[in-house]
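Examining the three-dimensional arrangement
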Amino acid sequence: MFNLRRLGAFTPLVAVLLNLLLAYVVYFIARIAYLLENFSFFSQGLSFSHVMELAGGGLVFDTSAILVTNIPYMVCMLFPLHFKETKVWQQICRWLYLGINGLALAVNLCDAVYFPFTMRRTTTTVFSEFSNEGNLGSIFFTETLRHFYLVILFAVVMWGMYKLYQETRLERKNLSWWRYSLVTLLSMLVMAPFVVAGIRGGFTTAVRPITISNANQYAERPVEAALVLNTPFSLYRTIGKDVFVVPEYFATEEEMAAVYSPIHATDTITPMIKKNVVVLIVESFGREYIGALNQTLEHGQYKGYTPCVDSLISRSVTFSHSYCNGRKSIDGMPSILSSIPMFVEPFFLTPSSMNHVSGIASLLAGEGYETAFFHGAQRGSMGFQAFARSTGFQQYYGREDYCEDSRFGGDADFDGTWAIWDEPFMQYFAAKMSEMHEPFMTAIFTASSHHPYVVPEQYKEQYPEEGIIIHKCIRYTDMAIGKFFERASKEPWFKNTIFVLTSDHTNLSDHAEYQTDIGGFCSPIIIFDPSGELEPRMEQKIAQQIDILPTLMGLLHYPKPFFAFGIDVLNTPAEQTWAVNYLNGVYQYVKQGHVLQFDGEQCKGYYALSDSLMQHNLLDRQSEEQKNMERELKAIIQQYMTRMTQDRLRAE
């Protein structure tokens, strides 16, 4: 402890400064814990000097977060009232400080656990994302036990903060009230501009208040922006902020549309083929887990965890490079069913979710299709029911509906956390489709290959722990998919159906190729037509979730113009196929064998797709291809932002 009493009226100011310095240490410890917890995502090219460089950049964001959150503490300490210098008041200030900075430490450590699922710092949309879930307590308890070492770290750091906290320990009788009031008032006035500058990220009027995207100026890769940032900053900086801001890359809409337009004209000559459409969105079913899509992995020895899906792929159309458009379940829904990618924040957690939106269901319902969406969780979970309704699904079947059907196991098939186990719920899915009128369009969102990564009791010996914790769940869900197709194949509607199987997003990984900025978005896209009209093959093309809607419309010869950010990948030459996603303030655009990284103002990286570990940045070469990709990406971004803010997400 420093002896601050000899400083007299200056004691509160010095105590505040020392305690704020202690907060910086706490944030640094949290950042190192964040790094170690997720080391495999950051290890590529990482050195001690680079970690210090990232931490140095993080000081800017730590300063902003520390000053914003500690304003109540600073005011309580420096408010010029002579009579507040009592032992009780100092204890109040101590516990206020510990509460504020202890909470900041807790959210940073919790976010370290959540990072593998999102590859970014958490923002305020997380409160909307899980607002309808009633199982968060059990999940939090499970993760607390699993990451007990972070709990121990939290307790040790809190103890250290308590012991190192600097009190003023002034005795009122020895203070001159006017001198005390003058010094503390001047302290507040002097600190005020420094606090404002620290929160904004700089002193000059030319400096705009720093945002999450500013972290990329310190990071070599988009994923590293999460190390530069801290979670309190990401949370407070996204409160009430406009998510979609229209850039001005193109002066006119005509100029922009000449480069890229999401309005698709259709074949009005060929009659529409009214086949059934079934979309399977499989939770966390990343491309990495599928042996048939990784035949060169581990020097050709990799078998994967999906024998049933491997068999399905042998009868289907797949793609050499296929990607999801987001990192969360709520990103996957709009991408797959409405061809709307995730830029900046999940679409239906923003005010733009109130826009008029089309989708596979609404387009086909207009052509006489019966439509239904299936998700084994309780109604309202993840906001899926609301989104399904807004995009044209006429029926929604959830956990409650399953439990009311006497043909199945009822609530005994509930996994105890999220939803009905995949195996029985997919059998229910097949049974309900047999009750629908053809043509129909359905989608199912599975749940079992999800945290907390458990399988039904009767399968624990069949699917034991192996590899990483999710692998046993992938095997179980793969088995459920196999049994679904086995049952569906016996139904009269089977051969008149086009099936699409994809994942909502990727998940835990144990291969470096799938832990890069672009590797974290590798999802399967499998199109299966049991009639045999679609020749099974691996297309040497780039595909993405937002291509599913326009590709299906192409297969069906849909006769009207429609809206989709993606393309009909089967009827597009390979060199014109592309994919786009967004990570930590950086847009990633994949085309013609390269990945372009663009932060909205300038290019940050340019890599060959063959450079699977993204080790060689080719940005300095300034090729014509790179310039064309940047121009196309700018058109996609401006179209997206313009249409989001103007409610123009349907064909005009």
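I will try to describe carefully the structure that is included in this document. Note that this is a predicted model, so its numbers are computed, not measured.

**Some words on the overall build of the protein**
- Looking only at helices and strands, the protein features 21 helices and 14 strands.
- Relative to the compact-globule value of 26 Å for 652 residues, the protein shows a C-alpha radius of gyration of 27 Å, a close match.
- In the protein, which comprises 652 residues, the share counted as buried stands at 60%.
- In the protein, the proportion of contacts linking residues at least 24 apart, taken out of those at least 6 apart, comes to 75%.

**A look at the pairing of strand 13 (residues 594–598)**
- Of all five residues in strand 13, five are buried, a share of seventy percent or more.
- A two-sided burial pattern is seen for strand 13, the buried positions comprising H594, L596 and F598 on one face and V595 and Q597 on the other.
- In this sheet, strand 13 lies alongside strand 12 (residues 586–591) in antiparallel orientation, the contact comprising five bridges. Bridge pairing links Q588 to Q597 in strand 13.
- Where strand 13 lies against strand 14 (residues 603–608), five bridges are found, and the strand directions are antiparallel. Of the residues in strand 14, the one forming a bridge with L596 is Y606.
- The hairpin turn running from strand 13 into strand 14, its antiparallel successor, is four residues long, and G600 in that turn takes a positive phi close to 100 degrees.

**Examining the sheet that holds strand 14**
- The sheet built from four strands is open, its strands ordered 11-12-13-14 with antiparallel pairing. At either margin of the open sheet sits one strand with a lone partner, and together these are strand 11 (578–583) and strand 14. Across this sheet, the average inter-strand angle for adjacent strands is 15 degrees, counted without regard to direction.

**A word on the packing of helix 5 (residues 87–118) against helix 8 (residues 148–164)**
- Packing of helix 5 against helix 8 brings their axes to within 10 Å, and their N-to-C directions diverge by 155 degrees. Here helix 5 is positioned roughly antiparallel relative to helix 8, judged by the angle of their axes. Like other packed secondary-structure pairs, helix 5 and helix 8 cross with a definite hand, here right-handed. From helix 5, R94, W95, Y97, L98, N101, G102, L105, A106, L109 and V113 reach across to helix 8, where they touch L150, L153, F154, V157, M158, M161 and Y162.

**Examining the packing of aromatic side chains**
- On inspection of all chains with the given rule, the structure shows 46 aromatic pairs.
- Ring centres 5.5 Å apart and planes at 65 degrees place the aromatic pair F373 and F393 in the edge-to-face group. In this pair, F373 sits in strand 4 (residues 370–375) while F393 sits in the loop between helix 16 (384–390) and strand 5 (395–397), placing the two residues 20 residues apart along the sequence.
- Take F393: its relative accessible area is 6%, and that puts it in the buried class.
- Their ring planes at 55 degrees and their centres at 6.2 Å tell us that F494 and F528 sit as a pair that is tilted. With F494 in the loop between helix 19 (471–488) and strand 7 (497–503) and F528 in strand 8 (residues 525–528), the pair connects residues that are 34 residues apart, well separated along the chain.
- Judged by its relative accessible area of 9%, F494 falls in the buried class.

**Quick notes on the nonpolar core**
- The biggest cluster of nonpolar side chains holds 121 residues, and the ones touching the most others in it are F42, Y73, L280, Y323, F484, F485 and F499.
- Setting aside its immediate chain neighbours within four residues, F484 contacts L280, M426, Q427, F429, A430, M433 and F499.
- Counting residues in hydrophobic clusters, the runner-up holds 78 residues, among them M272, V357, I498 and L552.

**Considering helix 14 (residues 329–338)**
- Across the ten residues of helix 14, ten count as buried, placing the element largely inside the fold.
- Among all positions of helix 14, only S329, I330, D331, G332, M333, P334, S335, I336, L337 and S338 are buried.
- Just beyond helix 14, the residue with positive phi is S339, at close to 55 degrees.

**Thoughts on unusual backbone geometry**
- A cis amide bond links E438 to the next residue, P439, at an omega of -5 degrees.
- Here P439 lies in the loop between helix 18 (422–433) and strand 6 (440–445).
- Note that the residue after H451, namely P452, is joined by a cis bond; omega there is 15 degrees.
- Residue E298 is not a glycine yet carries a positive backbone phi of 55 degrees.
- Inspection of the secondary structure puts E298 in the loop between strand 2 (276–282) and helix 13 (307–313).
- Residue E298 is classed as partly exposed on the basis of its relative accessible area, which comes to 41%.
- Phi is positive for H557, which is not a glycine, with a value near 55 degrees.

**Focus on the pattern of salt bridges**
- Here the structure, examined in full by the defined rule, presents 20 salt bridges.
- The salt bridge involving E539 is made with R537; its shortest N-O contact spans 2.8 Å.
- Notably, a salt bridge pairs E539 with K541, separated by 3.9 Å at the nearest N-O pair. K541 matches E539 in its accessibility class, with the two residues each being buried.
- The structure contains a network of salt bridges with shared partners spanning D405, R407, K432 and E435.

**Brief notes about the pairing of strand 2**
- The buried fraction of strand 2 is high, at seven of seven residues.
- Judged by which residues are buried, strand 2 turns out to be covered on both faces: N276, V278, L280 and V282 on one side and V277, V279 and I281 on the other are all buried.
- With seven bridges joining them, strand 2 and strand 7 adopt parallel strand pairing. Counted as the bridge partner of V279 is V500 from strand 7.
- Judged from the five bridges that link them, strand 2 and strand 6 form a sheet pairing that is parallel. In the strand pairing of strand 6, V277 is matched with M441.

**Quick notes on the state of the cysteines**
- Overall, the coordinates contain zero disulfides when judged by the stated rule.
- With no disulfide of its own, C93 lies 5.2 Å from the sulfur of C76, the closest cysteine sulfur.
- According to the relative accessible area criterion, C93 is buried, its value standing at 1%.

**Some points on the side chain of S322**
- Residue placement: S322 occurs in strand 3 (residues 317–323).
- Only 2.5 Å separates the side chain of S322 from the side chain of R287, close enough to count as a polar contact.
- Here S523 takes part through its backbone oxygen, which lies 2.6 Å from a polar atom of the side chain of S322.
- Setting aside anything within four residues of it in sequence, one finds S322 in contact with R287, F521, C522, S523, P524, I525 and A543.

About the cut-offs
Residue numbers run consecutively from 1 along every chain, following the written order of its sequence. Side-chain atom pairs in this predicted model are given and counted only at pLDDT of 80 or more, local residue features only at pLDDT of at least 70, and totals for whole chains, interfaces and linings cover all residues. Each side-chain value is derived from all of the structure's non-hydrogen atoms; neither hydrogens nor water enter the calculation. Each helix is a run of H or I in the DSSP string that is no shorter than four residues. Each strand is a run of E no shorter than two, and both are numbered from the N terminus. The quantity called the radius of gyration is restricted to C-alpha atoms. Its globule counterpart is 2.2 Å times the number of residues to the power 0.38. For each residue, the accessible area found with a 1.4 Å probe, counting protein chains only, is set against the maximum for its type, and the residue is called buried under 20%, exposed over 50%, and partly exposed in between. Between two residues, a contact is recorded if the distance between any of their heavy atoms is within 4.5 Å. In this scheme, strands are said to pair when DSSP sees at least two bridges between them. In this description, a line fitted to the C-alpha atoms serves as the axis of each element, helices being fitted only across the stretch in contact, and the angle between N-to-C directions of two axes falls anywhere from 0 to 180 degrees. Any angle from 65 to 115 degrees is called roughly perpendicular, while one under 35 is roughly parallel, one over 145 is roughly antiparallel, and all others are oblique. Note: crossing handedness is left-handed where the near helix turns anticlockwise from the far helix by less than a right angle, and right-handed where it turns clockwise. Aromatic pairs are defined between Phe, Tyr and Trp rings, using the six-membered ring for Trp, whenever the two ring centres lie within 6.5 Å; interplanar angles under 30 degrees are classed as stacked, those over 60 as edge-to-face, and all others as tilted. Here, nonpolar core refers to any group of buried Ala, Val, Leu, Ile, Met, Phe, Trp, Tyr and Cys residues whose side-chain atoms link them within 4.5 Å. A carboxyl oxygen of Asp or Glu within 4 Å of a side-chain nitrogen of Lys or Arg is what we treat as a salt bridge. By definition, disulfides here are pairs of cysteine sulfur atoms that lie within 2.5 Å. Polar contacts, as used here, are pairs of N or O atoms within 3.5 Å; protein pairs need one atom able to donate a hydrogen and one able to accept it. Residues neighboring in sequence count only if both atoms are side-chain atoms.

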